[in-house]
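# Structure at a glance
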Amino acid sequence: MSFADREEEDETLRGQKYYKNVCDSFRQHAIAFRKNRFNHARRIALLPEKEKSVLPRGLIFGTNEWRDREACFQEAELKNQFFFDSLLKYHNEATSKGFHDHLKLLKDQGIDGDSSLWSTEEDIDKTHSVLKSLARDWSKEMSAEREMCYKPILDAVLKYIPLVTGETGSSNSQQTLTSTSSISRLVVPGAGVSRLALELSSMGYEVQGNEFSYHMLLASDYILNACSSQNPFSIAPWIGSTKNICKSLHPARQMLIPDVDPAEMLARNKSSLVGSITEDSPSFSMGMGEFASTYRKPSEHGAWAGVISCFFLDTAPSIIEYMQVVYDLLSENGVFINFGPLLYHWSGPPARPSDNSFDDYVARFSAMDQRYLTSLDLSWEDARAALLNIGLKSSKKN
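Overview of the structure.

About the criteria used
The residue count restarts for each chain, going from 1 along the sequence in the order it is written. The predicted origin of the model limits local features to residues at a pLDDT of at least 70 and limits the giving and counting of side-chain atom pairs to 80 or more, whereas totals for whole chains, interfaces and linings rest on all residues. Side-chain numbers here rest on the full set of heavy atoms in the structure, without hydrogens or water. Put simply, two rings from Phe, Tyr or Trp (the six-membered ring, in Trp's case) pair if the centres are within 6.5 Å, and we call them stacked under 30 degrees between planes, edge-to-face over 60, tilted for the rest. Helix and strand assignments come from DSSP, with helices taken as H or I runs of at least 4 residues and strands as E runs of at least 2, each series counted from the N terminus. Only protein chains enter the accessibility calculation, which uses a 1.4 Å probe; a residue whose area is less than 20% of its type maximum is buried, one above 50% is exposed, and one in between is partly exposed. The rule for a disulfide is simple: a pair of cysteine sulfur atoms within 2.5 Å. Salt bridges are identified by distance alone: a Lys or Arg side-chain nitrogen within 4 Å of an Asp or Glu carboxyl oxygen. A pocket here means an open set of points on a 1 Å grid, computed over the protein atoms alone, that has protein on both sides within 12 Å along at least five of seven lines. A cavity is instead a set of points where a 1.4 Å probe fits but cannot get out; residues with an atom within 4 Å of a point line either one. Grid points are joined across faces, edges and corners, and a volume is the space filled by probe spheres set on the points. Three categories are distinguished: nonpolar for Ala, Val, Leu, Ile, Met, Phe, Trp, Tyr, Cys and Pro, charged for Asp, Glu, Lys and Arg, and polar for the others, with Gly belonging to the last. Whether two strands pair depends on DSSP finding at least two bridges between them. To obtain each axis, a line is fitted to C-alpha atoms, and for helices this fit is confined to the stretch in contact; angles are then taken between N-to-C directions over 0 to 180 degrees. The contact rule is simple, with two residues in contact once any of their heavy atoms fall within 4.5 Å. Helices are assigned an expected span. That span is 1.5 Å times one less than the residue count. Pairing of N or O atoms within 3.5 Å defines a polar contact, subject to two protein rules: one partner must be a possible hydrogen donor and the other a possible acceptor, and residues neighboring in sequence count only if both atoms are side-chain atoms.

### With respect to the packing of aromatic side chains
Under the definition given, this model contains 21 aromatic pairs. Relative to Tyr322, the ring of Phe312 lies with its centre 5.0 Å away and its plane at 15°, an arrangement referred to as stacked. With a gap of ten residues between them, Phe312 in the loop between strand 10 (304-310) and helix 12 (319-329) and Tyr322 in helix 12 connect regions that are remote in the sequence. Like Tyr322, Phe312 is buried.

### Topic: the state of the cysteines
Within this structure, the stated rule accounts for zero disulfides. With no disulfide partner, Cys310 has as its closest neighbouring cysteine sulfur the one in Cys149, 5.0 Å distant. Taking the relative accessible area as the measure of exposure, Cys310 reaches 13% and is therefore buried.

### Some remarks on the pattern of salt bridges
As enumerated under the stated definition, the model contains 20 salt bridges in all. In this structure, the salt-bridge partner of Lys97 is Asp101, at a minimum N-O distance of 3.0 Å. On the criterion of helical spacing, the pair formed by Lys97 and Asp101 is a turn pair, its members being four residues apart in helix 5 (residues 96-108). Take Asp101: its relative accessible area is 40%, and that puts it in the partly exposed class. Between Asp259 and Arg146 there is a salt bridge, with its nearest N and O atoms 3.0 Å apart. With Asp259 in the loop between strand 7 (255-257) and helix 10 (262-268) and Arg146 in helix 7 (residues 143-160), the pair connects residues that are 113 residues apart, well separated along the chain.

### What to know about the layout of surface pockets
Computed from the structure, the largest pocket encloses a volume of approximately 1,800 Å³. In terms of lining, the largest pocket is formed by 49 residues, of which the most central are Glu211, Ser213, Met216, Thr315 and His345. Counting residues per element, the lining of the largest pocket draws most heavily on helix 6 (residues 121-138), which supplies eleven residues. Classifying every residue of the lining of the largest pocket by side-chain character gives 22 nonpolar, 14 polar and 13 charged.

### Points about the sheet that holds strand 10
Taken in spatial order, the five strands make up an open sheet running 9-5-4-10-11, and their pairing is parallel. Two strands close off the open sheet at either side, each with one partner strand: strand 9 (284-288) and strand 11 (330-339). Averaged over all pairs of adjacent strands, the angle between their axes in this sheet comes to 20°, without regard to strand direction. With five bridges connecting them, strand 4 (residues 185-189) and strand 5 (residues 206-211) associate as parallel partners. Residue Val188 lies in a different strand from strand 5, and its bridge partner there is Gly209. Lying on the sheet, helix 8 (residues 195-202) is in contact with strand 4, strand 5, strand 9 and strand 10; it crosses strand 4 at an angle near 170°. Its contacts with the sheet put helix 12 on strand 4, strand 10 and strand 11, and the angle it makes with strand 11 is roughly 140°.

### Overview of the environment of Glu122
As for its placement among the helices and strands, Glu122 is situated in helix 6. By relative accessible area, Glu122 is classed as exposed at 54%. In this structure, the C-alpha to C-alpha distance between Glu122 and Ser25, residues 97 residues apart in sequence, is 9.4 Å.

### Quick notes on the environment of Pro262
Here Pro262 shows up in helix 10. On the basis of relative accessibility, which here comes to 0%, the residue Pro262 falls in the buried class. For the pair Pro262 and Glu199, spaced 63 residues apart in sequence, the C-alpha to C-alpha distance is 9.5 Å. In this structure, Pro262 is in contact with Trp138, Leu198, Ile223, Leu224 and Cys227, ignoring residues within four places of it in sequence.

### So, helix 9 (residues 214-226)
In an α-helix, one turn spans 3.6 residues; hence positions three or four apart end up facing the same way. Look at helix 9: 17 Å from first C-alpha to last across 13 residues, which is about the 18 Å you get at 1.5 Å a residue. For helix 9, the set of buried residues is His215, Met216, Leu217, Leu218, Ala219, Ser220, Tyr222, Ile223 and Leu224. The N-cap of helix 9, judged by a side-chain oxygen 3.2 Å from the amide nitrogen of His215 a few residues on, is Ser213.

### Focus: the side chain of His215
Tracing the chain through its elements places His215 in helix 9. With near-sequence residues (within four places) excluded, His215 lies in contact with Val22, Ser25, Phe26, Asp123, Lys126, Thr127 and Val130.

Read these as layout, nothing more, since geometry by itself doesn't imply function.
Put into structure tokens, the structure is as follows:
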């Protein structure tokens with residue numbers, strides 16, 4: 001076996017392990033959050049009696065009030081687990097029942113407490129992120145938030161990016177697809193569970209969503225291809241939340257997804273065009289991969305009429321690299337439309353006066369992912385200046 005073949009095999013094995021870890025975390029969602037809730041109950045039980053005596057009975061383990069509250073949380077977590085089990089079945093994977101059966105078999109064999117069976121806190125937390133993203137993108141209750149985030153983007157796309165490029169001679173509301181024209185292609189990096197990408201597709205554009213997280217991609221694939229507003233799922237997206245909670249049962253609140261039929265939205269993407277529907281009619285796709293490594297290929301350069309992102313730029317280990325990739329992707333007169341904060345997911349720890357050099361700083365955090373230590377937190381003023389220096393022209397400052 002050559003070195004290249006061994007590298008390819010190792011990469012395949014890493015991918016298979018990553019996929020297994022993702023599926024395991026979906027299987028273990030309910031039991032992980034129940035265990036965490038019981039841990040909270042144990043902390044309360046360990047309080048001094050003087051402190052415990054002033055708490056409401058709903059927090060005291062074993063009381064009727066505690067049982068009533070616990071029943072609401074268990075119902076919510078089971079609804080979440082039912083959604084994840086349905087997702088796993090759709091992808092031909094074992095569900096949470098298979099995992100519990102495996103645990104029981106091991107226990108019957110005298111094997112108990114094998115920590116290697118359990119998902120990491122990071123992977124379990126990603127299942128929580130999936131639920132919150134599904135609620136934001138696909139529930140009626142979160143439509144106001146979508147209106148604030150997505151509507152400015154959609155309005156800007158309609159304003160700056162023609163639906164059809166080439167010889168058309170009509171407005172964006174109804175354009176003619178001819179032999180000398182083509183449908184504008186848009187890429188949506190950080191697409192999450194795909195509502196923004198699908199909204200763009202339903203407007204008639206050719207759209208490709210890009211997402212790095214397999215948790216998000218599996219959920220996106222399921223919601224797009226197997227879910228309907230006629231038979232929605234009930235999920236409790238805030239069940240893992242413990243901070244800034246007003247009422248005790250708010251984290252168990254459930255909502256229905258999806259609020260629209262994704263298949264109907266996909267069918268809409270041809271209705272904005274006049275003329276025959278051909279193989280060149282609008283397409284919609286989702287792809288996995290880290291944005292820069294996926295789209296820095298020369299074959300992608302100048303291939304896109306628009307790069308459309310929401311809450312994405314600050315996820316970059318290097319925001320400058322992302323902006324350079326965006327610029328290379330755009331065709332002549334292409335447009336970059338971005339909405340979101342600069343919270344910088346890879347923002348690193350502060351240096352200390354005792355760090356006599358950058359090497360000292362790096363050595364102190366040698367166990368940390370090095371991207372935390374090399375990322376840059378730029379102000380919007382500086383980030384905008386970098387965008388202009390790269391070659392983009394700005395139409396709006398804010």
